[in-house]
Amino acid sequence: MSSNGNPRFSSRRSPSCENYERFDHSYDEGETQNDVFYIPNKKAPPERLKKWRKATLALNASRRFRYTSDLKRAEKREQIIRKIRTSAQAVRAVYLFKKGVQNTKKEEETPPEGFEIGPTTLANLVRDRDLNCLQQLGGVNEVARLLHTDLEKGINEVPEEIQRRLQAYGENSYPRKAARNFFVFVWEALQDTTLIILMVCAALSLVFGIKTEGIKEGWFDGASINFAVILVILVTAISDYRQSLQFQNLNEEKRNIQLQVIRGGRRSKVSIFDLVVGDVVPLNIGDQVPADGILIEGHSLSIDESSMTGESKYVYKDKKNPFLMSGCKVADGYGTMLVTAVGLNTEWGLVMATISEDNGEETPLQVRLNGVATFIGKVGLAVAVLVFLILIIRFFTGNTEDKNGKTMFKAGKTSVGDAFNGIVKIFAIAVTIVVVAVPEGLPLAVTLTLAYSMRKMMADKALVRRLSACETMGSATTICSDKTGTLTLNQMTVVKAFIAGESREPPDTSEGLPPVIQALLVEGISQNTTGSVYKSKGSGEMEVTGSPTEKAILSWALKLGMNFDDERSKSSILHVFTFNSEKKRGGVALKRSDSEVHIHWKGAAEIVLDLCKTWIDSSGSVQEMTPTKVDENKKIIEGMAAATLRCIAFAYRTCDLHNVPVDEEQRQSWQIPEDNLTLLAIVGIKDPCRPNVREAVHICQKAGVKVRMVTGDNIYTAKAIATECGILQPGEDTEQYAIIEGRDFRSYSEDERLKFVDKICVMGRSSPTDKLYLVQALRKRGHVVAVTGDGTNDAPALHEADIGLSMGIQGTEVAKESSDIIILDDNFASVVKVVRWGRSVYANIQKFIQFQLTVNVAALTINFVAAISSGDVPLTAVQLLWVNLIMDTLGALALATEAPTDHLMIRPPVGRREPLITNIMWRNLIVQAFYQVTVLLVLTFKGNDILDLKLDSTARANEVRNTVIFNAFVFCQIFNEFNSRKPDQINIFRGLRQSHLFVGIISFTLVLQVLIVEFAGKFAKTTPLNWKKWIICIVIGFISWPLAAIVKLIPVPETPLSDYFRLKKRRRRHSSENRSKSDGKAEVNEGQNHHV
């Protein structure tokens, strides 16, 4: 079987998998540890984060590290949270002490108009966890009355009522620090060391220019450098400011949690910011407690309060401990709460208002690019120092001439001012070379493309919570996907039932159904549910809320004649065993009006069936569950599953009231009996596959990404759905380990799992632990694993995976917080779009690297060679600053914001440790840089002859030649920017119409270049060119297009160049180790001989 489960792609994908293994495992553990510019994509230790920053050459550290984690701020954040917790506990302790010692009378708080209790009283109630005060007020029922809230129906949904409560008790938000304005980014851009030095040089040049040449002519040199610096600063600040706004908008989306409230007798979804005091909020496993409140009713409700108290122990909530704190998570059970305090009246609001959110986060690609930038910067710094020394030596030895051919320095004759001015100009050129050489824009290009991708991914229904997930997704080799809601529509309907030994299809009527079964089914369904049923205001029809499975079952029960409210009033709930993804079932113990206790279970059909000892026939009589009957029921289940139906069984039993604990605390630890059950019904629920899921799976397979389905459904349903979705190909289901049950996978040892984990396509009846084991095994096999999950118990697997993808609709808050990306529409097609964007991030960065390094190599080589040979540089400080602007900010904007193309999805995944600069990039870069250097050096030394400038004066000829060199160099970059769009494709214009920003930046660059050459001569040291010389410059740039097309026909080796050097290094290391071992053995032998 091919690694993606599709034989058609085995020949295509096997090389890519080999490459992947080579890239990922080419670094042994020692090399990874020694590589400063390598961090894991998750859970990087602070020491490692500090290490790479110290090793980075950054001319503007505040700007370079702006979008990385602020480690000091993170420590400060933890300290503030600890202080708030301590102070809250201290205040609570003092309050309780004063209350116990002194019987002081509190001042009465004046309630807001229209209400009978004040916000401070309500806030203190939960903050101090004052049960006595709650009892004095009359309990939760009386608090609800004081707030004019109906505990069953909630508050009225009319806008006037909501507004009245907002004015009385405040809104559920907290003040956030104002976003940094544009001038802060200008100030940050000004911190660049080289730009500061250039401004100082410009000031000195201005002073000496005015002194020697007069104010009319002498101010141009200094002013032109300053103008160029200001332009660089402004463009940089604008770019950074736009990125900051994008991150700010995305953070707002992350904080905007959608939750259910009961208003006007019906459940509706609202934003957490729209919650008001008096709201009734249902709570389920994995939900975040949205505000401070009091428990109205709860069943097995346990809360994780570690975010507020720091204690990891779950806190059980009942009438003795009914206080719920904002920001905590529901660990188990379900219930409803009355909101008593919101916003700054809660401890959570105080914490969030005190600490500022850190937008920074290292991404592995960002860190690696800092390593590349540091290396290039050091080379550029060395070149700049050499150029400075050479020009200084030539200047003081009288070998430097001005534009008129006169010697600039003559010992004993040149004034100190003129000499100093000459030194300042040489120093400015050297500093400008450093500006061009150190690619400050390289690491920031990652942030730019990530910000752009995150914004676009929002439109594609994916909310990125961690920046690094964008780029890691491009390396994903396998996706472990849930079935329900991701591969299917999550629109469930009961389409088949097996009741009283008879198959019912469709099962939408109670006709012919034994009354005893009908009564028990309706009783169990109405009470053993987290959903609800209510009448619609407009049409008066019944509306059902809850999870898709609950809605399907409740809708079916309504067709059987269930009156939801009446049924719930006939019995009271004694204890609940909430549905558990490990046990695949949930149960409830009911006390009926006749004091009889009924226990109802529902869950995975084959699991509930194994617990049944009896069943009810068509006459209503209870019959023994014989082996023959068990086999008959199992065949029914298998038949339903093969028809892609989710199978659920309902069963019940009676229980003696004396066996039920009387005390509520004891009842919480009581295990609801689950043996000797009586089978009531088996139903098949249809959940159709999404229309585009087969195509999405096919795209993944073609891209070298294997899709595996991990589901809690039984193996037959899982197999049928996987085949329908294209995850299983015909014939694959017969292969060993292709389809496996979670319990079987769990039973193998860790080493045994590693041997066959690559073969797994479908895992049925899996628990969250099985999913975690699968992720761990795949990662140990070298895979980059993406996992989808929606439940609270999926959190470990989401956290363990390289990329955790939670579901935005069905996902719990716990799952979302453990994930890296939230799929807002729960659609697998959106997961595939995330893969495209992940690959696009990496591809765009590589385009920018190729473009920038070409400019780097060409500019450094031209200036260095010209400085050594002629004592002058053809590109002035202002011209180099303009090239730097094209190369850094504008280049990053143009190339880092290219939209993903279909071509990205026919490549293999990018290896986790694949070199940033591939052999294809080296080929393109070297050829283009060689072409540019050759042409421009020929113009430097033979330009006067080639351009027919012999008849002009020396000064005029040099001015025109240098302008042509500068103009041709810029046109080379403009044309090469097109080449960089498609490093491995001949057609570089494909998709150009959609790249509006690219076209806009190229047009902007062209217009500015014309203005600089034709009208900014005094500033840029250029002179207007005639049309012939413009054509020459354009042709020189244009030649790079056919040259690039020819070069792309040259094949390159698959093994990266860096691997060759690494292999030599390893061989030297191993040989030295072998020599040392042999020397050690020789010494031992010599010692033994001496002893003998």
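Rules used in this analysis
Residue indices begin from 1 for each chain and proceed along its sequence in written order. Where local features are concerned, this predicted model is filtered to residues with pLDDT of at least 70; where side-chain atom pairs are given and counted, the filter is 80 or more; whole-chain, interface and lining totals use all residues. The basis for every side-chain value is the complete set of non-hydrogen atoms in the structure, without hydrogens or water. Patch membership requires more than 30% relative accessible area and the absence of a salt bridge. Residues of like charge join within 9 Å; the nonpolar side chains Val, Leu, Ile, Met, Phe, Trp and Tyr join within 5 Å. Note that accessible areas follow from Shrake-Rupley with a 1.4 Å probe, and for residues the cover is restricted to the protein chains shown. Within this document, salt bridges are pairs made up of a side-chain nitrogen of Lys or Arg and a carboxyl oxygen of Asp or Glu, the two lying within 4 Å of each other. Only four residue types enter the charge count: Lys and Arg as positive, Asp and Glu as negative, with His and the chain ends excluded. A single reference atom marks each charge: NZ on Lys, CZ on Arg, CG on Asp, CD on Glu. By the criteria applied, helices consist of DSSP H or I runs no shorter than four residues and strands consist of E runs no shorter than two, each listed in order from the N terminus. A 1.4 Å probe rolled over the protein chains alone gives each residue an accessible area, and that area as a share of the maximum for its type sets the label: buried under 20%, exposed over 50%, partly exposed in between. A strand pair is defined by DSSP finding two or more bridges across the two strands. Only C-alpha atoms enter the line fits that serve as axes; for helices the fit covers just the stretch in contact. Angles between N-to-C directions range over 0 to 180 degrees. Ring geometry is summarised as follows: Phe, Tyr and Trp rings, the Trp one being its six-membered ring, pair when their centres sit within 6.5 Å, and such pairs are stacked at plane angles under 30 degrees, edge-to-face over 60 and tilted between the two.

Visitor: I would appreciate a short explanation of a negative patch on the surface in the present structure.
Guide: Among the surface-exposed residues, Asp150, Glu152, Glu297, Asp565 and Asp566 lie close enough to one another that they form a single negatively charged patch. Locating aspartate 150 in the fold gives a position in the loop between α8 (139–146) and α9 (159–169). Aspartate 150 gets classed as partly exposed once you look at its relative accessible area, which sits at 37%.

Visitor: Any chance you could explain the sheet that holds strand β23 (residues 762–764) here in plain terms?
Guide: Strand pairing in a sheet relies on backbone hydrogen bonds. The paired strands run either parallel or antiparallel. Pairing within the open sheet is mixed, and its eight strands lie in the order β8-β26-β25-β24-β9-β21-β23-β22. In this open sheet, the two strands that pair with only one neighbour each are β8 (462–464) and β22 (739–741). Here the strands of the sheet are splayed against their neighbours by 20 degrees on average, with no regard to which way each runs. In this sheet, strand β24 (residues 785–789) lies alongside strand β9 (residues 478–481) in parallel orientation, the contact comprising three bridges. Counterpart to threonine 478 in the pairing with β24 is valine 785.

Visitor: What is the right way to look at the packing of aromatic side chains in this model?
Guide: For any pair of aromatic rings, the description rests on two quantities: the centre-to-centre distance and the angle between the ring planes. Per the stated rule, a full pass over the model turns up 22 aromatic pairs. With a centroid separation of 5.6 Å and 50 degrees between ring planes, the pair formed by phenylalanine 577 and tryptophan 601 is classed as tilted. On the criterion of sequence distance, the pair formed by phenylalanine 577 in strand β14 (residues 571–580) and tryptophan 601 in strand β16 (residues 597–604) is long-range, its members being 24 residues apart. Overall, tryptophan 601 belongs to the buried group, its relative accessible area being 3%. Note on phenylalanine 978 and phenylalanine 989: the rings are 6.1 Å apart at their centroids and 55 degrees apart in plane angle, and the pair reads as tilted. Linking phenylalanine 978 in helix α36 (residues 954–981) with phenylalanine 989 in the loop between α36 and α37 (996–1015), this pair joins segments that are eleven residues apart in sequence. Residue phenylalanine 978 is classed as buried on the basis of its relative accessible area, which comes to 12%.

Visitor: Just to check I follow, could you spell out unusual backbone geometry for this structure?
Guide: Note on backbone geometry: most residues besides glycine have negative phi, and most peptide bonds are trans. With omega at 0 degrees, the peptide bond leading from glutamate 505 into proline 506 counts as cis. In this structure, serine 300 is a non-glycine residue whose phi angle is positive, near 55 degrees. Among the structural elements, serine 300 can be located in strand β4 (residues 292–304). At asparagine 490, a position not held by glycine, the phi torsion is positive, near 65 degrees. Looking at the secondary structure, you find asparagine 490 in the loop between β9 and β10 (493–499).

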